[in-house]
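Reading the structure
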Amino acid sequence: MTARLTRDDVAKVALLGRLKLSADELERMTSQLGRVLEYVDILNEVDTEPVQPLAHPIELANVFRDDIERECLPREEALANAPKTDGRFFVVPAILDGN
Amino acid sequence: MSYTTVVGLEVHVQLLTRTKLFCGCINRFNPTQPNVQTCPVCLGLPGSLPVMNRHAFELALKTGLALNCTIPALTKWDRKQYYYPDLPKGYQISQYDLPFSSDGWLEIPTDQKAPESRRIGIIRAHLEEDAGKNFHDESGRGGESLVDLNRAGTPLLEIVTKPDIRSGTEAHAFLDELKLLLTYLEVSDCNMQEGSLRCDANVNLHIADPNGGTIATPIVEVKNLNSFRGVEQAIEYEARRQFEQWKETGKKFGEVPKETRGWDAERGATFGQRGKEEASDYRYFPDPDLVPVTIEETWREQVRASLAEFPAAKRKRFESEHHLSLYDASVIVAQGRPFADYFERVAAACADAKQAANWLTQDVLREMKERQLAIETFPITADVLGTLLERVAARKITVNSGRIVFAALLDRSVDSLPPGIEAVDAIISEKGLAITSGADELAPIIDAVLAANAKIVADVKGGKQQAIGALIGQVMKQTKGADPQVVREMLQSRIAAL
Amino acid sequence: MSIVDASASQLLSAMASGKLSAVDVARAFLDQIETHDGKIGAFLHVDHDGALKQAALVDEKRRTVQPLGKLAGLPMAIKDVVCTRGMPTTCGSRILQRFLPPYDAEVVRRFREADAVILGKTNMDEFAMGSSTENSAFKITRNPWDTSRTPGGSSGGSAAAVAAGMALLAVGSDTGGSIRQPAAFCGIVGMKPTYGRVSRYGLVAFASSLDQLGPMASDVAGVAALLEVMAGHDARDSTSVDRPVPEYGRTLEQPLSGLRIGLASEHFAAGLDPEVASAVRAAADVYRSLGAQVIDVTLPHSKYGVAAYYLIAPSEAASNLARYDGVHYGHRAEKFDGLIDMYAASRGEGFGPEVKRRIMLGNYALSAGYYDAYYLKALKVRRLIRNDLDRAFETCDVLLSPVAPTPAFKVGELVDDPLAMYLSDIYTLSANLAGLPGISLPGGFSSGGLPIGIQLLGPPFAEENLLRAARMFERETSWHTKRPRLGVAP
Ligand SMILES: [Mg+2]
Ligand SMILES: [Zn+2]
């Protein structure tokens with residue numbers, strides 16, 4: 001079903017998933033993913049035309065909570081695991097248009 | 001060459017819930033204390049899971065029904081995946097292919113003085129979680145950005161219109177009507193300053209082709225619209241700009257990618273924004289942490305039954321039931337539901353809806369504006385004003401005296417509780433404003449005035465009817481609360497008898 | 001019998017009668033960890049002081065005749081994929097190396113309420129992705145039966161800890177076999193409950209529609225006791241099922257009469273080690289001897305399970321792992337050029353190769369133009385697999401099958417061949433795709449002295465029957481009483 005996976009395809013997906021891969025990793029990933037994708041092609045043997053997808057093993061519906069307030073985390077705890085803060089905010093590199 | 005402006009709006013509205021969409025954190029605008037309204041769920045901490053807020057869903061349902069949408073039997077949650085620092089999970093829980101409502105419309109009055117209205121189609125409305133807020137370094141030196149997650153997870157309704165809007169003014173009218181509807185339903189406060197209503201506009205032109213048919217120009221999405229006026233102006237600006245650009249380049253719809261532009265309110269112009277480095281691919285898929293919602297007819301009808309009267313219906317009812325002009329009805333309804341309710345209570349108390357409408361649209365609105373008060377905190381309650389207007393309607397005091405009492409009630413409320421209805425009669429008697437219609441009381445005063453103004457009396461007798469005004473004035477001055485109509489009649493008969 | 005070889009019920013009665021204190025018990029297990037874990041590497045974090053403090057608290061409660069929970073004084077280990085307030089929770093990943101959760105998972109809340117003694121957190125394949133515990137960013141866990149072999153995975157740390165007497169009970173998570181396969185490799189009992197039976201709140205997600213926490217112990221009774229505490233509705237997990245929890249321990253000793261055991265020919269596929277196959281057939285004979293009926297069933301779509309699973313699980317994983325971006329918690333790269341690069345560099349440094357592969361695979365399967373062909377197709381096949389199993393359970397009560405195609409493989413044997421590693425999940429992952437309960441229990445030993453597990457699968461919420469069926473087998477066999485000979489530490 002699929003054309004061969006190229007390095008470019010893999011690089012594109014790596015950007016989509018925000019993963020920096022070394023040239024080596026990119027090479028290895030291309031061949032390993034390629035093999036897995038070849039393998040999953042066996043699914044094409046199955047006629048799934050009339051089949052409804054099953055996204056979830058238990059088919060529950062309408063699970064709600066009431067609109068009742070619960071205590072929030074103190075700011076120190078909210079920020080405690082952050083790599084960088086100024087004590088009030090999470091701090092990140094400059095966000096520019098197009099990010 | 002003529003063209004039509006074609007506009008579709010994408011409106012995001014925060015819902016008036018106590019808590020966020022998927023966690024129990026308080027839903028509150030709190031810009032001064034960043035990162036104090038979070039928990040493991042809205043921080044997106046590993047292992048945390050979302051649970052849907054029933055009230056948020058019901059508010060959404062109300063909106064869908066009020067927008068005349070089709071409500072499907074089943075709706076579900078999808079993840080919209082992209083990276084941004086205000087989006088802690090790396091995806092937004094939203095709705096993709098099965099929104100809770102679709103294919104509706106909202107009727108907008110084209111002009112308050114004219115009764116025609118227009119239907120703007122609604123493509124869909126869906127529920128999703130809001131992101132946090134990023135703060136950029138404004139110095140232009142490319143300093144670091146700051147992230148506040150207080151807002152992350154706030155319930156948000158995205159409403160997408162069909163490209164049915166034909167001008168900036170019409171977009172403005174649509175937003176006014178939508179805001180009115182949502183505030184009447186108590187779904188949202190639609191406060192644009194606080195970001196609880198946000199709007200993007202998709203604009204292009206259909207230009208009449210001299211060879212027949214129309215030519216569509218490329219669609220531009222205008223963002224950063226932070227007022228209804230801004231929406232209006234940006235659309236008008238875009239229409240002119242796109243027409244000029246088309247004349248210059250001849251580029252049609254589909255020949256260039258969709259452009260995103262910002263709105264500079266100060267310069268009154270849109271400006272191009274740098275394109276994204278990668279085409280967005282949101283990789284939507286059903287959120288496995290949440291289960292679908294099935295909407296049975298009984299539930300849907302229960303919600304429908306709980307809907308408050310829509311603004312449009314209220315306007316019509318005020319016209320037919322209270323005999324207001326469309327203009328007055330529109331002004332009152334446009335002030336919001338508490339004001340319209342106030343009006344109805346005043347009208348009921350004084351049994352004179354027209355007079356109630358006059359007082360509300362003039363005196364009450366003026367004082368509210370001057371004192372920067374909402375109707376809920378206006379010191380003259382509906383019962384008190386109703387009592388006052390009843391006295392006027394029953395000709396117990398004059399309209400002018402009514403204004404004096406109104407002012408006195410306002411004065412009295414400073415630094416104290418709003419006066420009760422007993423204050424109305426108390427002020428009338430304190431100030432001696434009661435109409436003294438009794439001929440016994442008036443007769444000696446009239447006699448004295450006539451005696452002291454022989455010249456004027458002679459003028460009146462001589463046919464100068466308007467001269468009687470001066471006499472009425474003098475009598476009124478001495479009696480304070482006399483009914484001028486009665487005074488005029490008594491004066492006329494006395495003079496005639498002289 | 002030494003403390004660390006005793007069963008849960010033996011320890012509970014010894015503590016109840018005052019023969020042992022909870023502190024004695026905790027100390028014995030902590031000593032065992034001290035002595036042997038250097039070689040096994042089951043733990044990522046040992047909460048020595050916290051465990052002793054908790055044990056002392058249990059003793060104090062007992063002394064003052066306060067009510068005690070069901071697990072009072074029982075020492076347990078928790079897979080490092082479960083959030084523990086104030087205790088490191090790394091998921092075996094560099095990206096969460098310094099993460100301290102500000103909250104307890106629902107199961108941890110339940111363990112504390114049951115007065116259990118939490119010894120520490122166990123090693124795992126990074127984010128539970130793997131079948132050998134070699135994918136941990138921190139260390140390799142070794143199989144207590146043969147330290148040149150893996151303990152299986154991804155809950156290899158928990159399995160090895162129980163097998164080596166370093167924890168009485170342990171918690172694992174199972175997304176495609178991650179409890180059952182390491183239980184089989186280490187000669188212990190492990191159960192994956194029905195999807196929704198145990199709250200996932202606080203379980204760091206790998207693949208949300210497949211993940212389920214479950215109990216591990218050296219015998220069926222231990223697993224039943226732990227499940228009784230773990231199972232039950234939790235309003236904080238929308239996918240948790242509100243359904244009463246049976247007292248599994250109470251009915252455990254009651255054999256099932258008229259039990260129908262299903263055997264599927266598809267469960268004896270090419271690549272199945274003959275010793276494993278004969279252990280399964282021998283188990284069928286045991287059940288026959290107990291009066292059970294053995295029935296042939298067929299699962300025509302089971303051969304597509306691996307392919308469907310390795311599209312669905314990575315798709316969900318890619319999304320679940322998007323949150324590790326170096327902004328709100330977790331590792332941030334030191335050097336980067338702008339925001340996008342900060343994300344990519346942090347994630348590139350923070351994730352190991354297997355996690356990266358799955359993120360890539362998942363993003364590929366969900367990306368524009370491939371969604372229908374991969375993700376959606378896999379969901380449809382998932383339905384067919386579920387239908388096969390539903391049909392099978394119309395004619396049998398439990399399915400008996402292998403757990404893994406082979407006994408424990410060598411460290412390093414499959415690590416460079418992801419596809420071969422994936423294929424080894426063939427017998428376990430259909431239970432995850434279908435949301436069914438499954439239990440792995442000791443069913444024999446290979447000629448090389450390695451444990452072989454057998455698996456029982458049941459229809460949704462058949463945990464009670466599965467435990468009773470497992471106990472029927474356990475009572476007739478002695479495999480579960482065997483302990484690995486641990487070398488004495490230098
Ligand atoms: Mg949106
Ligand atoms: Zn929250």
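Analysis parameters
Residues numbered from 1 in each chain as written. Chains lettered and ligands numbered in written order. Predicted model: local features only at pLDDT ≥ 70, side-chain atom pairs only at ≥ 80, totals over all residues. Heavy atoms only, no water. Contact = heavy atoms within 4.5 Å. Buried area = accessible area lost by both parts, 1.4 Å probe. Salt bridge = Lys/Arg side-chain N within 4 Å of Asp/Glu carboxyl O. Polar contact = N/O pair within 3.5 Å; in protein donor to acceptor, adjacent residues only side chain to side chain. Helix = DSSP H or I, 4+ residues; strand = E, 2+ residues; numbered from the N terminus. Nonpolar A, V, L, I, M, F, W, Y, C, P; charged D, E, K, R; others polar. Buried < 20%, exposed > 50% of the residue type's maximum accessible area, 1.4 Å probe, protein only. Pairing = 2+ DSSP bridges. Donors = N, O, S within 2.8 Å, 3.2 Å for Na, K, Ca; no water. Axes fitted to C-alpha atoms, helices over the stretch in contact; angles between N-to-C directions. Parallel < 35°, antiparallel > 145°, perpendicular 65-115°, else oblique. Left-handed = near helix turned anticlockwise from the far one by under 90°. Phe/Tyr/Trp six-rings, centres within 6.5 Å; stacked < 30°, edge-to-face > 60°. Lys NZ or Arg CZ within 6 Å of the ring centre and 35° of its normal.

On the side of chain A, 53 residues touch chain C, which itself brings 66 residues to the contact. Interface area for chain C against chain A, summed over the two sides, is near 5400 Å², with a carbon-plus-sulfur share of 69%. Looking only at chain C, the three residues that lose the most surface to chain A are C:Leu339, C:Met360 and C:Arg383, adding up to 13% of its buried area. Scanning the region where chain C abuts chain A turns up five salt bridges. We note a salt bridge from C:Arg383 to A:Glu59, for which the minimum N-O separation is 3.3 Å. The interface formed by chain C and chain A includes 19 residue pairs in polar contact (both at pLDDT 80 or more). Among the elements that make up the side of chain C that touches chain A, the one with the highest residue count is helix α13 (residues 372-395) of chain C (12 residues). Split by residue class, the side of chain C that touches chain A holds 37 nonpolar, 13 polar and 16 charged.

Quick look at the side chain of B:Thr270 now. Residues and elements named next belong to chain B. The residue threonine 270 is located in strand β15 (residues 269-272) in this model. Relative accessible area serves as the criterion here: at 3%, threonine 270 is assigned to the buried category. Of the polar contacts made by the side chain of threonine 270, one reaches the side chain of glutamate 238; its length is 2.6 Å. Polar contacts involving the side chain of threonine 270 include one to the side chain of arginine 261, which spans 3.0 Å. Setting aside residues no more than four positions away along its own chain, threonine 270 makes contact with Val222, Ala234, Tyr237, Glu238, Arg241, Arg261, Gly262 and Trp263.

Each partner contributes to the interface: chain A provides 36 residues, whereas chain B provides 55 residues. Among the residues chain A hides against chain B, the three largest losses belong to A:Phe64, A:Arg65 and A:Asp67. Together they make up 20% of the total. Summed over the shared surface of chain A and chain B, the result is two salt bridges. Here A:Lys84 and B:Glu144 are joined by a salt bridge, their closest N and O atoms 2.7 Å apart. Applying the counting criterion to the chain A and chain B interface returns 21 residue pairs in polar contact (both at pLDDT 80 or more). Going through the elements one at a time, α1 (7-16), β1 (64-65), α3 (75-79) and β2 (90-92) of chain A are the ones with two or more residues in the side of chain A that touches chain B. Of the residues belonging to the side of chain A that touches chain B, the class tally is 20 nonpolar, five polar and 11 charged. Looking at chain direction, β2(A) and strand β9 (residues 145-148) of chain B are connected through three bridges and run antiparallel. When the bridges of β9(B) are listed, A:Val92 appears paired with B:Ser145.

A separate point is the coordination of the magnesium ion (ligand 1). Residue and element names in this part refer to chain B. Bound to the magnesium ion (ligand 1) on the protein side are His12 (NE2), Glu128 (OE) and Glu158 (OE), at distances that span 2.0 to 2.4 Å. Read in sequence order, the donor residues for the magnesium ion (ligand 1) give the motif H-x115-E-x29-E. Of this pair, histidine 12 sits in strand β1 (residues 3-14) while glutamate 128 sits in strand β7 (residues 114-129), placing them 116 residues apart in sequence. Residue class for histidine 12 comes out buried when judged on its relative accessible area of 14%.

Residues and elements named next belong to chain B. Put simply, helix α7 (residues 337-350) and helix α9 (residues 382-393) touch, their axes get as near as 7 Å, and they point 40 degrees apart. By the angle class used here, α7 and α9 are oblique. Seen from above, α7 lies across α9 with right-handed handedness. Between α7 and α9, the contacting residues are Tyr342, Arg345, Val346, Ala349 and Cys350 on the first element and Ala382, Leu385, Gly386, Thr387, Leu389, Glu390 and Ala393 on the second. Classifying every residue of the contact of α7 with α9 by side-chain character gives eight nonpolar, two polar and two charged.

Let's shift gears to the coordination of the zinc ion (ligand 2). Residue and element names in this part refer to chain B. Surrounding the zinc ion (ligand 2) are the protein donor atoms Cys23 (SG), Cys25 (SG), Cys39 (SG) and Cys42 (SG), which sit 2.3 to 2.4 Å from the metal. Sequence spacing of the donors to the zinc ion (ligand 2): C-x1-C-x13-C-x2-C. For cysteine 39, a relative accessible area of 9% corresponds to the buried category.

What follows is about the sheet that holds strand β10 (residues 438-445) of chain C. All names here are of chain C. Strand order in the open sheet formed by 11 strands is β1-β3-β2-β4-β6-β5-β10-β11-β9-β7-β8, with mixed pairing between adjacent strands. Two strands close off the open sheet at either side, each with one partner strand: β1 (43-46) and β8 (293-297). When strand polarity is set aside, the average angle formed by the axes of neighbouring strands in this sheet is 30 degrees. Where strand β4 (residues 169-174) meets strand β6 (residues 212-217), six bridges bridge the pair, whose relative direction is antiparallel. Opposite serine 173, over in β6, you have leucine 213 as the bridge partner. The strands touched by helix α7 (residues 220-230) are β2 (75-79), β4, β5 (189-192) and β6; relative to β6, the strand with the most contacts, the crossing angle is about 145 degrees.

For the structure shown, the criterion picks out 34 aromatic pairs over all chains. Ring centres 5.9 Å apart and planes at 70 degrees place the aromatic pair A:Phe64 and B:Trp299 in the edge-to-face group. You can see A:Phe64 sitting in strand β1 and its partner B:Trp299 sitting in helix α4 (residues 297-305), one on each of two chains. Using a relative accessible area of 15% as the deciding quantity, one classes A:Phe64 as buried. Ring pairing ties together the aromatic residues A:Phe64, B:Phe22, B:Phe57, B:Trp77, B:Phe100 and B:Trp299, which thus form one cluster. Sitting over the face of the ring of B:Trp359, B:Arg403 holds its NZ or CZ atom 5.0 Å from the ring centroid. The cationic tip of C:Arg281 hangs over the ring face of C:Phe268; the distance from NZ or CZ to the ring centre is 4.1 Å.

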